[in-house]
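Given next are the chains, with one letter for each unit.
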Amino acid sequence: MKNKRLDLSYSQMKWETIFRRILICMSVILVLIVIGILITLIKESMPSIKSLGIGYLWGKVWDPVSNIYGAYPFLIGTLLTSFIALILSVPFSYAISIYLGEYNPKGWLSNLLKNAIELIAAVPSIIYGFWGLFVLVPVIRTFEAKIGVAPYGIGVFTASLVLAVMIIPYAASLGITLIRMVPSPLKEGAYALGATRYEVIRSVIMPFTRSGLFAGVLLSLGRALGETMAVTMLIGNTSSLAHTFKDAIFGPSNTMASVIANEFTEADHTVYLSALIELGLVLFFVTVIINLIGKRIITKFTNN
Amino acid sequence: MDVRIGIRNTKSILFKGVIVFFAFLITIPLIIVLLYIIKQGVTQVNWHFLTHVPAPVGESGGGISNALIGSFLMVLMSSVLAIPVGMFAGIYLSENPTTKLAYYSGLCVDILQGVPSIVVGIVIYFWLVKPLGTFSALSGSVALAIMMLPIVIRSTEQTLRLLPASLKEAALSLGVPYHRVILKVIVPCGFAGILSGIMLSIARIIGETAPLLFTAFGNPYLSVSVTKPMESLPHLIFTYATSPYDEWHNLAWGASFILLMFVLILNIVTKLITRKWNIQL
């Protein structure tokens, strides 16, 4: 009897150690996955880094047939689509944050709006792309014909419009939580001094949540830079640079993500393939850094 | 004096009007997209559509059974891969918030959350597709599992952190071993939160297309072999939506409708779970 009890406690101690080791192992696996992703990207883009050098980043021509690779058109395309999308989305995400954080935090109407915004984030990007291709493109085409640019329909502007809708929930949901965290004595103090609602929002809430709202914009920028499917379907996929400003905004273009999606399985020689992977590497670094800065700001904000 | 107060009040009301206008304007594109997909898709869906493979160009009829089965299998496999790792890593993070390993794995969760899905596709191509020599459902599942991981980990971690410490202390003081405390007391208490995280991650990956382009690739025939290319709903939508044929567009509309319904139902169920157990994610 006594021995049995000892055995039991011994086996339980063994389980204890095994359990702790499993927990540690799973966390280590996570770290290994991320390191593995980084190493794979660097290793596979080595041929292109070696043969093309740093000039790859501002080479203006992307011509796989004559083996010339320059990433400049894609960098411009990515930055242009992301920033147009961001500019379009900021008023909406700020308005949603202020409405649901300050004006109407509870009640059925705000619940409805909140659920709608969660649904916007839930709809898969491929569906936005498909819908955009068949519904938005004809609309944009007539619009473009009216303002006197070449009516492609597909292009940077169309992609940015859809992208803007897709990234609004990320900044908005963060903004709502942050605005609700503004201490009420601050607001009450301002009201007691005779400030109107607008003045409280402008001179108490906005300054207090500025860094947090900025972090929300950064997170949605990170999402916009890496978004692939909707943009691939709507941006038109040309690797040549636009000559005029109007063409750059309304004409077809290509982003880093869309060129990878289109050409990765077609890349038939080493340098071509690794030039595409190098684009992935750049995308990885940029999005990860933007994301980490955003996360750091939020952690700092919520800890204060 | 009165005039100035009047101006300030008007300004305040105007501002509120602008805010309300912008806040509700954003629901319009959502409603348009939802209604359009439902209108185009609902007429496509019938028993034949769900149980047949896509028809070749020129023939009418055909369905999406290969993509339905493929999506289901791949989501199942990636859940099997991601949920244990995610849950255990989440438990580790919530139990040991101050260790060095927790710092680095927390950092890695943040990094993984920011990695564009297409980059995950590239990496899995070199990890699995190239060594195995063929596109396969298995590699697609691994790519999706990596996309699932950060959501599962964060939801587990945050749910377990919300549980009162006295719960764990009470169990430990009764002499229950640590692993049993975690598995039989702590995890069941936070189960709703963990489950809703899992469902959210499934809702996220079921619509992911970019990582599947170079991993599972797609297959116009019915296949259940995990080492062969396999079709999935989002990939089917992508190939058929960008094709020039009307019959194929109709298939894609039907598939979009089914995919959208999956995602919406998963989201609503998640909502109901979290509301019933009153857990904030």
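Note that the structure is a prediction, hence the values are computed from the model and not measured.

Engineer: What is the right way to read the overall build of chain B from this model?
Structural biologist: Along the backbone of chain B there are 13 helices and zero strands. Taken from N to C terminus, the helices and strands of chain B fall in the order α-α-α-α-α-α-α-α-α-α-α-α-α. Taken against the 2.2 N^0.38 rule, which gives 19 Å for 281 residues, the C-alpha radius of gyration of chain B at 24 Å runs more than 25% over that of a compact globule. Dimensions of chain B along its principal axes, counting C-alpha atoms only, are 70 × 65 × 35 Å. Classification of the 281 residues of chain B by burial places 54% in the buried group. Long-range pairs, those at least 24 residues apart, make up 74% of the contacts in chain B with a sequence separation of at least 6. With an accessible surface of roughly 12600 Å², chain B has 69% of that area assigned to carbon and sulfur atoms. Positive and negative side-chain charges of chain B, numbering 17 and 10 respectively, have mean locations separated by a distance of 12 Å.

Engineer: What am I meant to see in the overall build of chain A here?
Structural biologist: Within chain A, the secondary structure is distributed over 11 helices and zero strands. Its C-alpha atoms give chain A a radius of gyration of 25 Å, clearly above 19 Å, the size a compact globule of 304 residues would have. When its C-alpha atoms are laid out on the principal axes, chain A stretches across 85 × 65 × 35 Å. Looking at chain A alone, contacts between residues at least 24 apart form 74% of all its contacts between residues at least 6 apart. For chain A, the accessible surface area stands at approximately 14100 Å², while carbon and sulfur atoms represent 68% of it. Counting 23 positive and 15 negative side-chain charges, chain A places the centres of these two groups 13 Å from one another.

Engineer: Before we go on, may I ask you to explain the UniProt feature "transmembrane region" (unreviewed entry) in chain B in this structure?
Structural biologist: Residue and element names in this part refer to chain B. Per the UniProt annotation, the sites labelled "transmembrane region" (unreviewed entry) are residues 12–38, 67–89, 101–128, 134–153, 181–206 and 251–269. Helix and strand shares over residues 12–38 are 96% and 0% respectively, and the end C-alpha atoms of the span are 40 Å apart. Helix and strand shares over residues 134–153 are 85% and 0% respectively, and the end C-alpha atoms of the span are 31 Å apart.

Engineer: How should the packing of helix α11 (residues 270–303) of chain A against helix α5 (residues 100–114) of chain B be read in this particular structure?
Structural biologist: Contact geometry for α11 of chain A and α5 of chain B: axes closest at 8 Å, N-to-C directions at 120°. Between α11 of chain A and α5 of chain B, the crossing angle belongs to the class labelled oblique. In terms of crossing hand, the pair formed by α11 of chain A and α5 of chain B is right-handed. Together, Phe284, Thr287, Val288, Asn291, Leu292, Lys295 and Arg296 of chain A of α11 of chain A and Tyr103, Leu107, Asp110, Ile111, Gln113 and Gly114 of chain B of α5 of chain B make up the contact between the two elements. Taken together, the residues of the contact of α11 of chain A with α5 of chain B sort by class into six nonpolar, four polar and three charged.

Engineer: Looking at this model, I keep getting lost on the pattern of salt bridges. Mind explaining?
Structural biologist: Pairs can form between side chains of opposite charge whenever their charged atoms are close. Using the criterion set out here, one finds 10 salt bridges over all chains in the structure. The closest approach of N and O atoms between Lys187 of chain A and Glu102 of chain A, which form a salt bridge, is 3.2 Å. Residue Lys187 of chain A is located in helix α6 (residues 184–192), and its partner Glu102 of chain A is located in helix α2 (residues 72–103); the two are separated by 85 residues in the primary sequence. Its relative accessible area of 15% is what places Lys187 of chain A among the buried residues. Among the salt bridges present, the one from Arg154 of chain B reaches Glu157 of chain B, with a minimum N-O distance of 2.6 Å. Of this pair, Arg154 of chain B and Glu157 of chain B both sit in helix α7 (residues 137–162), three residues apart, roughly one helical turn. Judged on exposure class, the residue Arg154 of chain B and its partner Glu157 of chain B are both buried. The network of salt bridges with common partners includes Lys295 of chain A together with Asp110, Arg154, Glu157 and Arg161 of chain B.

Engineer: It is not clear to me how the interface of chain B and chain A should be interpreted in this structure. Could you clarify?
Structural biologist: Frequently, the measure chosen for interface size is the accessible area that the parts lose on association. Taken together, the contacts link 78 residues of chain B with 76 residues of chain A. For the pair chain B and chain A, the two sides together bury roughly 7300 Å², of which 82% comes from carbon and sulfur. In this assembly, chain B and chain A are joined by three salt bridges. Between Asp110 of chain B and Lys295 of chain A there is a salt bridge, with the nearest N and O atoms lying 3.7 Å from each other. The interface formed by chain B and chain A holds 10 residue pairs in polar contact (both at pLDDT 80 or more) in total.

Engineer: In this structure, what is going on with the UniProt feature "domain: ABC transmembrane type-1" (unreviewed entry) in chain B? I would like to understand it.
Structural biologist: As annotated in UniProt, the feature "domain: ABC transmembrane type-1" (unreviewed entry) corresponds to residues 68–270 of chain B in the numbering used here. Here residues 68–270 of chain B is 78% helix and 0% strand, with 22 Å between the C-alpha atoms at its ends.

Engineer: I'm lost on the packing of aromatic side chains in this one. Help?
Structural biologist: For any two aromatic rings, the description comes down to two numbers: the centre-to-centre distance and the angle of the planes. Residue and element names in this part refer to chain A. Overall, the coordinates contain 28 aromatic pairs over all chains when judged by the stated rule. Ring geometry for Phe157 and Phe250: centres 5.1 Å apart, planes at 50°, overall tilted. Of this pair, Phe157 sits in helix α5 (residues 156–180) while Phe250 is found in helix α9 (residues 245–250), placing the two residues 93 residues apart along the sequence. Given a relative accessible area of 18%, Phe157 falls into the buried group.

Engineer: Hey, could you run me through the packing of helix α8 (residues 165–173) of chain B against helix α9 (residues 178–189) of chain B in this one?
Structural biologist: The packing of two helices is summarised by the inter-axis angle and the distance between the axes. All names here are of chain B. α9 packs onto α8 with a crossing angle of 145° between their chain directions and a minimal axis gap of 10 Å. By crossing handedness, the relation of α8 to α9 is classed as right-handed. Contacts from Leu167, Lys168, Ala171 and Leu172 of α8 reach α9 at Tyr178, Val181, Val185, Ile186 and Cys189. Tallied by class, residues from the contact of α8 with α9 come to eight nonpolar, no polar and one charged.

Engineer: Looking at this model, I keep getting lost on a nonpolar patch on the surface. Mind explaining?
Structural biologist: Taken together, the side chains of Ile24, Val28, Leu32, Ile35 and Ile39 of chain A present a nonpolar region at the surface, about 420 Å² in accessible area. Looking at where Ile39 of chain A falls in the secondary structure, it is placed in helix α1 (residues 2–52).

Engineer: Whenever I open this one, the environment of Gly63 of chain B confuses me. Can you help?
Structural biologist: All names here are of chain B. Checked against the element boundaries, Gly63 lands in the loop between α3 (47–51) and α4 (65–95). Expressed as a C-alpha distance, the spacing of Gly63 and Leu112, which sit 49 residues apart in the sequence, is 35 Å. Residues within four places of Gly63 in sequence aside, it is in contact with His48, Phe49, His52, Val53, Pro54 and Leu251.

What counts, and at which threshold
Residues numbered from 1 in each chain as written. Chains lettered and ligands numbered in written order. Predicted model: local features only at pLDDT ≥ 70, side-chain atom pairs only at ≥ 80, totals over all residues. Heavy atoms only, no water. Helix = DSSP H or I, 4+ residues; strand = E, 2+ residues; numbered from the N terminus. Rg over C-alpha atoms; globule rule 2.2 N^0.38 Å. Buried < 20%, exposed > 50% of the residue type's maximum accessible area, 1.4 Å probe, protein only. Contact = heavy atoms within 4.5 Å. Areas by Shrake-Rupley, 256 points an atom, 1.4 Å probe, with all protein chains shown as cover. Lys, Arg positive; Asp, Glu negative; His and termini not counted. Charge placed at Lys NZ, Arg CZ, Asp CG, Glu CD. UniProt positions renumbered as here; feature names shortened; annotations may be inferred. Axes fitted to C-alpha atoms, helices over the stretch in contact; angles between N-to-C directions. Parallel < 35°, antiparallel > 145°, perpendicular 65-115°, else oblique. Left-handed = near helix turned anticlockwise from the far one by under 90°. Nonpolar A, V, L, I, M, F, W, Y, C, P; charged D, E, K, R; others polar. Salt bridge = Lys/Arg side-chain N within 4 Å of Asp/Glu carboxyl O. Buried area = accessible area lost by both parts, 1.4 Å probe. Polar contact = N/O pair within 3.5 Å; in protein donor to acceptor, adjacent residues only side chain to side chain. Phe/Tyr/Trp six-rings, centres within 6.5 Å; stacked < 30°, edge-to-face > 60°. Patch = residues over 30% accessible without salt bridge, like charges linked within 9 Å, V, L, I, M, F, W, Y side chains within 5 Å.

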